[in-house]
Amino acid sequence: MLFLPMVTSALVASAVGAHRKMLDGGEDFFGGDGSARSQHDRSLLGSSDLAALEAGSGTHFALYIIIPFVSAIVGYATNVVALKMTFYPLEFTPAALKFAQPKGQPFGLLGGWQGIIPAKAGKMAAILCDLMTSKLLDVKEMFGKIHPKRFAEALAPEMAPAMHRIIEDVARKEAPEFWEGLPVYVQAALVKEAMAGAPEFLADVIEDLQNHVYEVLDLKAMVVKLCEANKQDVVRMFQEVGESEFRIIENSGAYFGFLFGVVQMCVFYVVDVLEPSYSGPLLPVFGFITGYLTNWVALKLIFRPIHPTPVLCGLFTLQGAFLRRQKEVSEKFSKLNVELFCNAKNLWEEMMHGRLREDFGELVMRNTRHFTDVTLGPAKPIATLVLGPEAYGRMREHIAEQLVRELPKCVPCSYAYQDGALEVENTVCVAMKGLPPDEFEGVLHPVFEEDEIKLIVIGGCLGALVGVAQYLLVFSSS
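Described below are features of the structure shown in this document. The structure presented is a predicted model; accordingly, all values stated were derived computationally and were not measured.

The rules behind each value
- Residues numbered from 1 in each chain as written.
- Predicted model: local features only at pLDDT ≥ 70, side-chain atom pairs only at ≥ 80, totals over all residues.
- Heavy atoms only, no water.
- Helix = DSSP H or I, 4+ residues; strand = E, 2+ residues; numbered from the N terminus.
- Buried < 20%, exposed > 50% of the residue type's maximum accessible area, 1.4 Å probe, protein only.
- Contact = heavy atoms within 4.5 Å.
- Areas by Shrake-Rupley, 256 points an atom, 1.4 Å probe, with all protein chains shown as cover.
- Phe/Tyr/Trp six-rings, centres within 6.5 Å; stacked < 30°, edge-to-face > 60°.
- Polar contact = N/O pair within 3.5 Å; in protein donor to acceptor, adjacent residues only side chain to side chain.
- Salt bridge = Lys/Arg side-chain N within 4 Å of Asp/Glu carboxyl O.
- 1 Å grid on protein atoms, 1.4 Å probe; cavity = no way out; pocket = protein on both sides within 12 Å on 5 of 7 lines; lining within 4 Å.
- Points joined across faces, edges and corners; volume = space filled by probe spheres on them.
- Nonpolar A, V, L, I, M, F, W, Y, C, P; charged D, E, K, R; others polar.
- Core = buried A, V, L, I, M, F, W, Y, C linked by side-chain atoms within 4.5 Å.
- Axes fitted to C-alpha atoms, helices over the stretch in contact; angles between N-to-C directions.
- Left-handed = near helix turned anticlockwise from the far one by under 90°.
- Expected span 1.5 Å × (residues − 1).
- Bend = angle between axes of the 7 residues up to and from the residue.
- Disulfide = S-S within 2.5 Å.
- Parallel < 35°, antiparallel > 145°, perpendicular 65-115°, else oblique.
- Patch = residues over 30% accessible without salt bridge, like charges linked within 9 Å, V, L, I, M, F, W, Y side chains within 5 Å.

## A short note on the overall build of the protein
Logical step 1: Across its full length, the protein holds 26 helices and two strands.
Logical step 2: In the protein, which comprises 478 residues, the share counted as buried stands at 48%.
Logical step 3: In the protein, of all internal contacts separated by at least 6 residues, the share reaching a separation of at least 24 is 79%.
Logical step 4: About 23000 Å² of surface is accessible on the protein, with carbon and sulfur atoms providing 62% of the total.

## Focus on the packing of aromatic side chains
Logical step 1: By the definition in use, this model includes seven aromatic pairs.
Logical step 2: Note on W348 and F360: the rings are 5.7 Å apart at their centroids and 90° apart in plane angle, and the pair reads as edge-to-face. You can see W348 sitting in helix α19 (residues 344–353) and its partner F360 sitting in helix α20 (residues 357–376), a full twelve residues away along the chain.
Logical step 3: Three or more aromatic residues joined by ring pairs form one cluster here, namely F151, W348 and F360.

## Comments concerning the environment of E350
Logical step 1: Along the chain, E350 turns up in helix α19.
Logical step 2: Residues E350 and D218, spaced 132 residues apart in sequence, show a C-alpha to C-alpha distance of 7.5 Å.
Logical step 3: The residues contacting E350, other than those within four sequence positions of it, are L217, D218, A221, M222, K225 and R355.
Logical step 4: Side chain to side chain, E350 and K225 meet in a polar contact 3.0 Å long.

## Notes on the pattern of salt bridges
Logical step 1: Under the defined criterion, the tally for this structure stands at 16 salt bridges.
Logical step 2: One salt bridge in this structure joins E91 and K231, with 3.4 Å as the shortest N-O distance. A residue pair is termed long-range when its members are at least 10 positions apart, and E91 in the loop between α4 (62–87) and α5 (116–119) and K231 in helix α14 (residues 231–241) qualify at 140 residues.
Logical step 3: A salt bridge links E328 to R325, with the shortest nitrogen-to-oxygen separation between them at 2.9 Å.
Logical step 4: Residue classification places R325 among the buried positions, given a relative accessible area of 14%.
Logical step 5: Connected through shared salt-bridge partners, R236, E240, K332 and E339 make up one network.

## Topic: the layout of surface pockets
Logical step 1: By volume, the second largest pocket is sized at about 290 Å³.
Logical step 2: What lines the second largest pocket is a set of 14 residues, and nearest its centre among them are K103, G104, P118, A119 and E228.
Logical step 3: Listing elements by their share of the lining of the second largest pocket, those giving two or more residues are α5 and α6 (121–135).
Logical step 4: Classifying every residue of the lining of the second largest pocket gives four nonpolar, four polar and six charged.

## A look at the side chain of Q101
Logical step 1: Positionally, Q101 belongs in the loop between α4 and α5.
Logical step 2: Judged by its relative accessible area of 15%, Q101 is buried.
Logical step 3: A polar atom in the side chain of Q101 sits 2.7 Å from the backbone oxygen of Q105.
Logical step 4: Here Q114 takes part through its side chain, which lies 2.9 Å from a polar atom of the side chain of Q101.
Logical step 5: Apart from the residues within four sequence positions on either side, Q101 is in contact with F92, P106, F107, G108, Q114 and A119.

## Quick word on the nonpolar core
Nonpolar side chains tend to gather and get buried jointly when the protein is soluble and globular.
Logical step 1: Core analysis: the biggest nonpolar cluster contains 93 residues, and F143, F333 and W348 have the highest contact counts within it.
Logical step 2: Here this core gets eight residues from one element, more than from any other, and that element is helix α8 (residues 148–174).
Logical step 3: Not counting residues within four places of it along the chain, the set of residues in contact with F333 comprises L128, M132, L136, M237, V241, V428, M432 and L444.
Logical step 4: Formed by seven residues, the second largest nonpolar core is a distinct cluster that contains Y64, I67, Y269 and L283.

## Some points on the packing of α6 against helix α13 (residues 219–229)
Logical step 1: Where α6 meets α13, the axes come as close as 8 Å, and the angle between the chain directions of the two elements is 145°. Pair α6 / α13 crosses with right-handed handedness. From α6, A121, G122, A125, A126, C129, D130 and T133 reach across to α13, where they touch L219, K220, V223, V224, C227 and E228.
Logical step 2: Here the residues of the contact of α6 with α13 sort into eight nonpolar, two polar and three charged.

## Quick notes on helix α16 (residues 276–303)
Logical step 1: Between its terminal C-alpha atoms α16 stretches 42 Å, which fits the 40 Å expected from 28 residues at 1.5 Å a residue.
Logical step 2: At L282, α16 shows its strongest bend, of approximately 35°, with the proline P284 following within four residues.

## Description of the side chain of S252
Logical step 1: Within the element layout of this structure, S252 appears in helix α15 (residues 243–274).
Logical step 2: The class of S252 is buried, set by a relative accessible area of 3%.
Logical step 3: A polar side-chain atom of S252 sits 3.2 Å from the main-chain carbonyl oxygen of I249.
Logical step 4: Look past the residues within four positions of S252 in its chain and what remains in contact with it is N79, G257, T294 and A298.

## Observations regarding the state of the cysteines
Logical step 1: In the structure shown here, the tally under the stated rule is zero disulfides.
Logical step 2: A disulfide-free cysteine, C129 has its sulfur positioned 6.7 Å from the sulfur of C342, the nearest such atom.

## Considering helix α11 (residues 198–211)
Logical step 1: Its 14 residues place the ends of α11 20 Å apart at the C-alpha level, agreeing with the 20 Å of an ideal helix rising 1.5 Å per residue.
Logical step 2: All of the buried residues in α11 are A198, F201, L202, A203, V205, I206, D208, L209 and Q210.

## Points about the packing of α13 against α19
Angle between the axes and distance between the axes: these two values describe a pair of packed helices.
Logical step 1: For the pair α13 and α19, the least separation of the axes is 10 Å and the interaxial angle reads 110°. As summarised for this structure, α13 and α19 are arranged roughly perpendicular, according to the angle between their axes. Pair α13 / α19 crosses with right-handed handedness. Contacts between α13 and α19 involve L219, A221, M222, K225 and L226 from the former and N346, L347 and E350 from the latter.

## Side note on a nonpolar patch on the surface
Logical step 1: Together, F99, F107, L109 and L110 make up an exposed nonpolar region whose accessible area comes to about 480 Å².
Logical step 2: Assignment of secondary structure puts L109 in the loop between α4 and α5.

Take a look at the structure:
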C-alpha cells in the first residue's frame, strides 16, 4: 500500500530532477545540445530571482502540477497504514523481541510492533468500564431486574436432578446405615420433600446476590480479563462502532494531502529553481508534515467541535462526525457490549471463577445451609439426634459444597432468561442516547485519546519515509 505513493512520487521527482538537469546543462529536451540554453538560464538566475523563476516555468511547469496529486496519494496511504497499525498485529511481532516490549506500549525497544489498541486492551477496558458504570449502567439495579421465582424456574430443569444426586450421595456418605435401612419409598419421599424447597433455595440465592452483587462481582476485572484474552473482540468493537469515522480519516488524508501538496508544489518549485541543492531534503520534511497534519486534522474532525457550531452566518453547522452519529453509535456500542462482554454468561463466569469466587461460594453456601435447615424443619432435632451434631453439620456443609460445584453446570440453562431480564443492551443504549454531547464524547474518546498522538506521529513518519525514498532514489544521485 505504501509502495504506490513511493513509486509515484519518485517518478514525479525524477521528472522534475531531469527537468532541472536539463536547465543546468544536460541534453536538450528535444535531443539537441542544451549548453546554450543552460548558459542562458544561469545568466538569468544570476541577474534576478524573478527571471530565474520565469526560466523554470513554461510548459515544464506541468511537471510540478503532479505534486499535489502525489501528496494526496501519500496522505491517503499514510492514513490507511496508520489505522492498520492502530489495530494490527494483535500480538507483538516479531515474537522473539517481545521481551523488550514495554508493558502496555505498542513498540519494542529493539524493534517490532503490536497494534495500539491490542497493546492497550486491558487499560482501555478499565477506562471504558469505569466510564460505563459511572454514566450508563448501575450493576445492582441491573441484577435487581432478575425475578427470583423466574430464575428458579429457568434453573430447575438442571438443578433438580443435581440436588437429587447430591442429597443421596451425602446421605450415603454421612449416614450409610441409617439411609440404607430406610425403605426405598421413604428415601424417595425424603428426597422429594427436599426437592420441593429447591425453587425457594434458588430464589434466596438470587435475592442474596442482588443485595451483595458488588461483594461477589468485580465487573472491571471481568471486562479487563476478557479484553486481554480476546483482543480481536476489542478491535472488532472499535472498528464497527467507529466504521464511519475511520473512513473519514482515510478519505480526508487524500483531500488534505492534496491541499498540502499545493503548498508543497509552490515551495518546491521556488526552491528547485533558486537553490536546487536544497530541494531534495525538503521532500522528507513535506512528507512528514503531510502525514502528520492529515491525521491530526482527521481526528479533530471526528471529535470537534463537540456542540453544533454555526458557521458562515448559519449557512452550515459543524459538529464532530462521531457526535453527529450519537444515536447510531449508541445502538452499535450497546449491542456489541452485550454480545462480547456484559452478558449473563460472562457475569456468572466471573462470579463463579473470578477474583471474588470465594465470596460468591460463601454466598451460595450460606443459602444452602439455610435451605437444609428449612427443609428438615421439625425433623431437624431428630436428624441431629440420629446422626449426631457433628455428622449433621458435616452433612449440611457437604451439601453446600457440592451445590457450589454443581452450580456452574446448571446455571447456563438460565442465561437466555437472564439476558432478557438484565436488559443491559437497552439500558446502555437509552442512557448513551440521552447523554449531552460533551458527556457522550467522554464515554468513548478517553479510551484511546492518550494514544492519538501515536497515530498522528505514525502518519508523519510514514510520510517522511516516502520523502526519504524520493530523495535517495532521485536527488542523491543528481
